[in-house]
Amino acid sequence: MVRAIVGANWGDEGKGKITDMLAKESDIIIRFQGGSNAGHTIINDYGKFALHILPSGVFYDHTTSIIGNGVALNIPYLIGELKDITSKGVPMPRILVSDRAQIMMPYHILFDTYEEARLAGRAFGSTKSGIAPFYSDKYAKIGFQVCELFGDETALMEKLENVCALKNVLLEHLYHKPLLDPKELFDTMMEYKEMIAPYVCDVSRYLHDALKEGKNILLEGQLGSLKDPDHGIYPMVTSSSTLAAYGAIGAGIPPYEIKNITTVVKAYSSAVGAGAFVSEIFGDEADELRRSMLRFIPFLVDRRIVQTKIRAEIHDLSALFHSDLRDFKDQTVGQRRKDDVHIADSGFRFLCAQQLLIQNPVKLRIDIGKRLTRIRIGRNKGHFRLRMID
């Protein structure tokens, strides 16, 4: 069975924690889009980790973690993350990288930085991780797939020379920056080849066999629905599709294999990067909100729910996880009280037994026309403090 985990908002919903929790019951976890431009925070027995490109299931010894063909593969970053987690006592995970994944080149990061500087006040709020230039090259058919590292070196060098000729026009006449050297880039790619060689395989074939064997597969998305280039707040979006439907493409499986779509929502709204936002405050008030998120939640939730309903229609979600309701006084399940938080949908109610850190009760309604299977709150995996009532 294949389950896709995606964000309902602007990203930063807590998808990594949900993936880490569900990975315990899974065999394979796949990152299917995005790159190292956003992080998933995991807290477990090994400590606290911020993963940027590794799938969030790498902490289990029974799982296989896969970098799918839809990912912007920053090879040094991937190897660096592997070294970081293993240096902190995490057993070396089983990692596979699709031979059809495309490589984040050093100049992608340079062009991202140069363009944001050129746009100045009109910038898109990029994380300067090279994502937009990477996907631009991918669809302009001048990117480099991992498999090209292991092919004809003469052909690779010729392609590099052609790419550099194109890029150097922009570097010289638009950005006024140093030009690219094809030979230096070729040497860099040979270093990448040595780094990534132990992990490369035909992921589509591997997943085809896994599906025949009835393996449980998790597709892990990055960012959220409102950062999708088609259905998000264009142009202040990311450069790869953040929707569950893209999971099949970015992993290399048939679309009908996705049987469950889990969408993660959070109790307050935040976003990676710049762009349109339902409401935003700055300065001391913003800092206070970060420290005590629930103070403004009656206002923020009303605005956020509109967006959640829109994105739920696109995903046709099977389950909703409500993440990061952190500001509760106690962590024990008790009896129903007048200041409980109710999260309702289509006649089904969920009871949260924790008390809020505010005097007045807050009632949250997520009207998506679907019955939710589970809801989660708290910092760590397994912190379920909700139960369904009739």
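**Q** Describe the pattern of salt bridges, naming the residues involved and giving the relevant values.
**A** A full pass over the atoms with the stated rule returns five salt bridges. Residue Asp84 pairs with Lys88 through a salt bridge whose shortest N-O separation is 3.5 Å. What makes Lys88 partly exposed here is its relative accessible area of 43%. A salt bridge links Arg118 to Glu115; the nearest nitrogen and oxygen atoms lie 2.8 Å apart. With a gap of three residues between them, Arg118 and Glu115 both fall in helix 3 (residues 106–119), about one helical turn apart. Owing to a relative accessible area of 39%, Arg118 belongs among the partly exposed residues under this scheme.

**Q** Lay out unusual backbone geometry with the relevant residues and their values.
**A** The residue after Tyr234, namely Pro235, is reached through a cis peptide bond having omega 10°. Topologically, Pro235 is positioned in the loop between strand 10 (217–224) and helix 8 (246–251). Of note, His176 is a non-glycine position whose phi angle comes to about 55°, a positive value. Take His176: it is sitting in the loop between helix 5 (153–175) and helix 6 (182–196).

**Q** An account of the confidence of the model for the chain is needed here, citing residue identities and associated values.
**A** Confidence along the chain averages 77 in pLDDT terms, with 68% of residues attaining 70 or more. Segment residues 294–307: pLDDT under 50, and 28 contacts once partners within four positions in sequence are set aside and those in other chains are kept. Between residues 324–379, whose pLDDT stays under 50, and residues either more than four places distant or in other chains, the model counts 160 contacts.

**Q** Pulling in residues and values, what's your account of a negative patch on the surface?
**A** A grouping of Asp152, Glu153, Glu158 and Glu161 is seen on the molecular surface, where their side chains present a negatively charged patch. The topology assignment puts Glu153 in helix 5.

**Q** So what's going on with the pairing of strand 10? Which residues, and what values?
**A** Side chains on a regular strand alternate between the two faces of the sheet. The buried fraction of strand 10 is high, at eight of eight residues. By the bridge criterion, five bridges tie strand 1 (residues 2–7) to strand 10 in an arrangement that is parallel. Residue Gly7 lies in a different strand from strand 10, and its bridge partner there is Gly224. In this sheet, strand 10 lies alongside strand 2 (residues 28–31) in parallel orientation, the contact comprising four bridges. Within strand 10, the position partnered with Ile28 by the bridge is Ile217.

What counts and what doesn't
- Residues numbered from 1 in each chain as written.
- Predicted model: local features only at pLDDT ≥ 70, side-chain atom pairs only at ≥ 80, totals over all residues.
- Heavy atoms only, no water.
- Salt bridge = Lys/Arg side-chain N within 4 Å of Asp/Glu carboxyl O.
- Buried < 20%, exposed > 50% of the residue type's maximum accessible area, 1.4 Å probe, protein only.
- Helix = DSSP H or I, 4+ residues; strand = E, 2+ residues; numbered from the N terminus.
- pLDDT = per-residue confidence, 0-100.
- Contact = heavy atoms within 4.5 Å.
- Patch = residues over 30% accessible without salt bridge, like charges linked within 9 Å, V, L, I, M, F, W, Y side chains within 5 Å.
- Areas by Shrake-Rupley, 256 points an atom, 1.4 Å probe, with all protein chains shown as cover.
- Lys, Arg positive; Asp, Glu negative; His and termini not counted.
- Charge placed at Lys NZ, Arg CZ, Asp CG, Glu CD.
- Pairing = 2+ DSSP bridges.

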